[in-house]
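Letter by letter, the chains look like this.
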Amino acid sequence: MPRYFFDIHDGQLQRDVDGTECADFDAARREAMISLPDVARWEIPSDGDRQTYTVVVRDAAGAPIYTATLTFTGLRLSEAAE
């Protein structure tokens, strides 16, 4: 099975050095989509109420082949909510 690498950008680059075996491009794409909500679930936005999470998938040769982005935006609606 081919090995794909999933680099995460969440304000800092977390480069995947181990990679993950996936059956094909579609499986790697799915893995990228699944990983973004998991990353966002555990990361508190570093820029107040805004944070962008991006995964870049690289093939075994290190070439980028897919990217996906998830954006979190929060907005306080009332001062009375303290």
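Conventions we followed
Residues numbered from 1 in each chain as written. Predicted model: local features only at pLDDT ≥ 70, side-chain atom pairs only at ≥ 80, totals over all residues. Heavy atoms only, no water. Core = buried A, V, L, I, M, F, W, Y, C linked by side-chain atoms within 4.5 Å. Buried < 20%, exposed > 50% of the residue type's maximum accessible area, 1.4 Å probe, protein only. Helix = DSSP H or I, 4+ residues; strand = E, 2+ residues; numbered from the N terminus. Contact = heavy atoms within 4.5 Å. Phe/Tyr/Trp six-rings, centres within 6.5 Å; stacked < 30°, edge-to-face > 60°. Polar contact = N/O pair within 3.5 Å; in protein donor to acceptor, adjacent residues only side chain to side chain.

*Asks:* Mind showing me how you'd approach the nonpolar core here?
*Replies:* One broad trend across soluble globular proteins is that nonpolar side chains are buried collectively. Among the nonpolar cores identified, the biggest contains 12 residues, and these are Tyr4, Phe6, Ile8, Cys22, Ala28, Ala32, Leu36, Val39, Tyr53, Val55, Val57 and Ala68. Among the elements that line this core, the one with the most residues is helix α1 (residues 25–42), at 4 residues. The contacts of Val55, once residues within four sequence positions are left out, are Phe6, Asp7, Ile8, Ala32, Ser35, Leu36, Tyr66, Thr67 and Ala68.

*Asks:* Quick question: what am I supposed to make of the packing of aromatic side chains here?
*Replies:* Aromatic ring pairs: the centre-centre distance and the angle between the two ring planes describe each pair. The tally for this structure, following the rule as stated, stands at 1 aromatic pair. Between Phe25 and Tyr66 the ring centres are 5.9 Å apart and the planes differ by 80°, which places this aromatic pair in the edge-to-face class. Taken together, the residues span a long stretch of sequence, with Phe25 in helix α1 and Tyr66 in strand β5 (residues 64–73) at a distance of 41 residues.

*Asks:* Got a minute to help me understand the side chain of Thr54 in this structure?
*Replies:* Residue position: Thr54 is located in strand β4 (residues 50–58). Judged by relative accessible area, which is 15%, Thr54 ranks as buried. There is a polar contact of 3.2 Å between the side chain of Thr54 and the side chain of Thr69. When near neighbours in sequence (up to four residues on either side) are disregarded, Thr54 contacts Asp7, Ile8, His9, Leu36, Thr67, Ala68 and Thr69.

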